[in-house]
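Results of the structural survey
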Amino acid sequence: MSLTTSPQHGPVSDDSSTETTSAIERSVDLLFNENFPPLGKYDAGDFSLTRQNVSPAGSLPRPVQNNDMVQVAMATSGRSDSAISVRSLPSESTFSARSAFSLHSPDDEEEQLPLVFLNEPTTKLYCQICHMVYKDPVITTCGHTFCRKCVLTADSCSVDHMKLNPVVSNIAVAEQIAELIIHCKYGCCPVPGGPPGLLQVDPGRCPTTIKLGQRRDHESTCSYRPVQCPNNPDCPPLVQMDLEAHLQECKHVKCPYSNCEFVGNDETMTTHLSVCRFEGVKDFLRRSEERSAELHAVLAQREHELAFLRSTLGRLAESLEQVEKRVETRLDVMHENQSKLSEDLMEFRRDTTVLSDEISHINARLNMGVLGSYDPQQIFKCKGTFVGHQGPVWCLCVHLAGDLLFSGSSDKTIKVWDTCTTYKCQRTLDGHDGIVLALCIQGAQLFSGSADYTIIVWDISTLQKVNSIRAHSNPVCTLVAANNLLFSGSLKTIRVWNIDGSELKLKKELTELNHWVRALVTSQNKLYSGSYQTIKIWDIRSLECVHVLETSGGSVYSIAVTNHHIICGTYENVIHVWELQRKERVRTLTGHVGTVYALAVVAMPDQTKVFSASYDRSLRVWSMDNMICTQTLLRHQGSVTALAVSRGRLFSGAVDSTVKVWTS
């Protein structure tokens, strides 16, 4: 009997009568309507037309392992003949070669695996915070290596007690740990009667030893890996090697048609499929599933397109809102700038009025002969630039006897410049291991202080180092010498040194200072020190504090003393002036827009000028007769950090690595 294919109902007989054909159609319709919902109300995955055969190497769900609290024990008391025991400890992540480089996946982070080492790891691979083998080792800002979790949870380094911040993964240590040999976790079991988490090698289980970095490659395919029967979760626990034999005997094999409730083994399933009522309409069901899958795919595509359109609409709305905000912000800025320009214009007019009044006053004094030879048009100009340092210049010092200028820099060197004949660098002095922050001269010796905590003594005649001492436990910020004594300033302390030839002997330490001592000046047997919003005046002979000046504007960065005034520059851009005898503040000079790093005084018979250097890249010239700025010098390309005066010339050092020479 030949067969043809009916578009609606599959194969039918050419020889069958119309009545027989109609009966078959009614039977199929009735069977479909009783057992299946209308098309579109069920998922294409509800019907399966192939048997659920699972190969032994197939991907099966792994049971949850109770290994979330296992880590290597530092001690070796529980060690067996062939393995190091492990002890339970909460941990953030399991070590692997990937986790060592911070490339692990979320699954690696969640799964915690036991570690049973074949041989005891070297103590260099143990973290000094948790005392366990490193997990995801990282190098911190202090230079030590710890577990990433320990760095994130510990308060400070266990070695030098510095604050911990991870910098970079320690790849070298991670690779060493990845090379450690361990036992497969499916070859270990709990120690009978031992504490929770203490494991030992089980001779009856997996005997494989592997590198720690390769454990997942092995354990994911290990024949001793626990698996679950895909037919029924109530089947007894299995290992991978027994799964195939179990599937042949399993009595929980379900019919491949989800609406059929038959359950049996392989033999009975074969018999059942020959009589299953769903087997005869499998072609129709297959086509129905395919059509349903197509409809679901089209629906998913439409939903995806709708989500994309919604996302695009949302982004357009956000962009429109951002544009509106930018327009509003710019309008606000324009209004603010307009108001500021109006205020600046009014201030400029006031300043012009004040300046006109000052010029009139000066002219009146000139006409009366009060100012003598004072020239109101005296202007300082840049005459040259010393170039040679490879980093910012932080300090300057002048040796008048030899017309030598010394400059200290971030490049850890001191350069010696001829300021009289050749105007070139005569020598570069090397000796410090840190930034050179301070210079001063006493007699024929140069003293230099550095961020390496040391003071070096140099012979000026030979330009050779003759002594070096570790002066402080913090950087040496400033130096000054007087009465055969050297004073050095650092964090909350000033140390006083007796100068005995090239030797420095500690005489006394001055404390009770509230912050870094960045400024020291001596004048008329008095030492002036600047720290946070405070200037302390010390008697050099008794080394006792005799007066305290309270100031404002943050830390004091610079101090200068004239015949009549005490002057200091502060972190907050201002210069305060006190009357020397009464110790009363008489004026606050403004104009700089950055920290005032340095001050220098030029005293003349008929007037006194003060030079100030600032973070704002400018120098200002101040007349102490009327407390006004007479000139602003702008030639440096970086913050001006140091000043020195010699023979009517001004030297300025800056972050642009240059030293400039100014004359009038």
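Here, the structure is the one placed above.
Remember, predicted model here, so these are calculated numbers, not experimental data. (Residues numbered from 1 in each chain as written. Predicted model: local features only at pLDDT ≥ 70, side-chain atom pairs only at ≥ 80, totals over all residues. Heavy atoms only, no water.)

**Structural notes on the layout of surface pockets**
Put simply, the rule reads: Definitions used throughout: a 1 Å grid over protein atoms alone; a cavity as a set of points that fits a 1.4 Å probe which cannot get out; a pocket as an open set with protein on both sides within 12 Å along at least five of seven lines; a lining residue as one with an atom within 4 Å of a point. Grid points are joined across faces, edges and corners, and a volume is the space filled by probe spheres set on the points. Amino acids outside the nonpolar list (Ala, Val, Leu, Ile, Met, Phe, Trp, Tyr, Cys, Pro) and the charged list (Asp, Glu, Lys, Arg) are all regarded as polar, and Gly is one of them.
Here the largest pocket is characterised by a volume of approximately 1500 Å³. Classifying every residue of the lining of the largest pocket gives 33 nonpolar, six polar and one charged.

**Structural notes on the sheet that holds strand 29 (residues 519–523)**
Selection rule: Any two strands between which DSSP finds at least two bridges are classified as paired. Runs of E in the DSSP output that reach at least two residues are strands. Runs of H or I that reach at least four are helices, and both are numbered from the N terminus. Only the contacting stretch of a helix is used when fitting its axis, a line to C-alpha atoms as for every element, and angles between N-to-C directions run 0 to 180 degrees.
Read from one edge of the open sheet, six strands run 29-30-31-32-33-34, paired in antiparallel fashion. On the outer flanks of this sheet lie strand 29 and strand 34 (584–589), each paired with one strand and no other. Recorded for the sheet is a direction-independent mean angle of 30° between the axes of neighbouring strands. Judged from the five bridges that link them, strand 32 (residues 565–570) and strand 33 (residues 575–579) form a sheet pairing that is antiparallel. The residue bridging Ile566 from the neighbouring strand is Trp578, located in strand 33.

**Notes on the environment of Gly388**
We count it as follows: In what follows, a contact means two residues having at least one pair of non-hydrogen atoms within 4.5 Å.
For Gly388, the location among the structural elements is in the loop between strand 16 (381–387) and strand 17 (393–399). As for Gly388 and Lys415, which are separated by 27 residues in sequence, their C-alpha atoms are 8.3 Å apart. Beyond its immediate stretch of four places on either side in the chain, Gly388 contacts Lys415 and Trp417.

**Quick look at the state of the cysteines**
Worth spelling out the cut-off: Here, the term disulfide refers to a pair of cysteine sulfur atoms separated by no more than 2.5 Å. Each residue is placed in one exposure class: buried if its accessible area under a 1.4 Å probe, protein chains only, is under 20% of its type's maximum, exposed if it is over 50%, and partly exposed if it falls in between.
Tallying each qualifying case throughout the model produces zero disulfides. With no disulfide of its own, Cys189 has Cys188 as its nearest cysteine by sulfur position, at a separation of 7.5 Å. Among the residues examined, Cys189 registers a relative accessible area of 16% and is labelled buried.

**With respect to the pairing of strand 20 (residues 425–430)**
Taken together, the five bridges between strand 19 (residues 413–418) and strand 20 define a ladder with antiparallel strand orientation. Counterpart to Thr413 in the pairing with strand 20 is Asp430. Connecting strand 19 to the next strand, strand 20, in antiparallel fashion are six residues, including Tyr423 with a positive phi near 55°.

**Things to note about unusual backbone geometry**
One non-glycine residue, Gln533, lies in the positive phi region at around 55°. Of note, Gln533 is situated in strand 30 (residues 526–539).

**A short note on the sheet that holds strand 27 (residues 493–500)**
The pairing of strands in a sheet happens through backbone hydrogen bonds and is either parallel or antiparallel. In space, the four strands of this open sheet follow the order 25-26-27-28, with antiparallel pairing throughout. Each of the sheet's edge strands pairs with one partner strand only, and the pair in question is strand 25 (478–482) and strand 28 (503–510). Strand-to-strand twist across the sheet, computed as the mean angle between neighbouring axes with direction ignored, equals 25°. As defined by bridge partners, strand 26 (residues 485–490) adjoins strand 27 across six bridges and the pair is classed as antiparallel. Bridge pairing in strand 27 places Ser490 opposite Thr493.

**Topic: the packing of aromatic side chains**
Keep this limit in mind: Two rings belonging to Phe, Tyr or Trp (six-membered ring only in the last case) form a pair when the distance between their centres is within 6.5 Å. Interplanar angles under 30 degrees mark stacking, angles over 60 mark edge-to-face geometry, and anything in between is tilted.
Considering all chains together, one arrives at four aromatic pairs under this definition. Between Phe380 and Phe611, the aromatic rings sit 5.0 Å apart at their centres with planes inclined by 90°, giving edge-to-face as the arrangement. In this pair, Phe380 is assigned in the loop between helix 9 (282–368) and strand 16 and Phe611 in strand 36 (residues 608–614), connecting sequence segments 231 residues apart. By relative accessible area, which is 0% here, Phe611 ends up buried. Ring centres of Tyr557 and Tyr597 lie 5.7 Å apart, and the angle between their planes is 70°; this geometry places the pair in the edge-to-face category. Taken together, the residues span a long stretch of sequence, with Tyr557 in strand 31 (residues 544–561) and Tyr597 in strand 35 (residues 596–603) at a distance of 40 residues.

**Section: the pairing of strand 19**
Most of strand 19 sits inside the fold, with six of its six residues counted as buried. Neither face of strand 19 is left uncovered, since the one carrying Thr413, Lys415 and Trp417 and the one carrying Ile414, Val416 and Asp418 both have all their residues buried. The sheet contact formed by strand 18 (residues 404–409) and strand 19 spans five bridges and is antiparallel. Its bridge partner lying in strand 19, Gly408 is registered against Ile414. What sits between the antiparallel neighbours strand 18 and strand 19 is a turn of three residues, in which Lys412 has the positive phi angle 70°.

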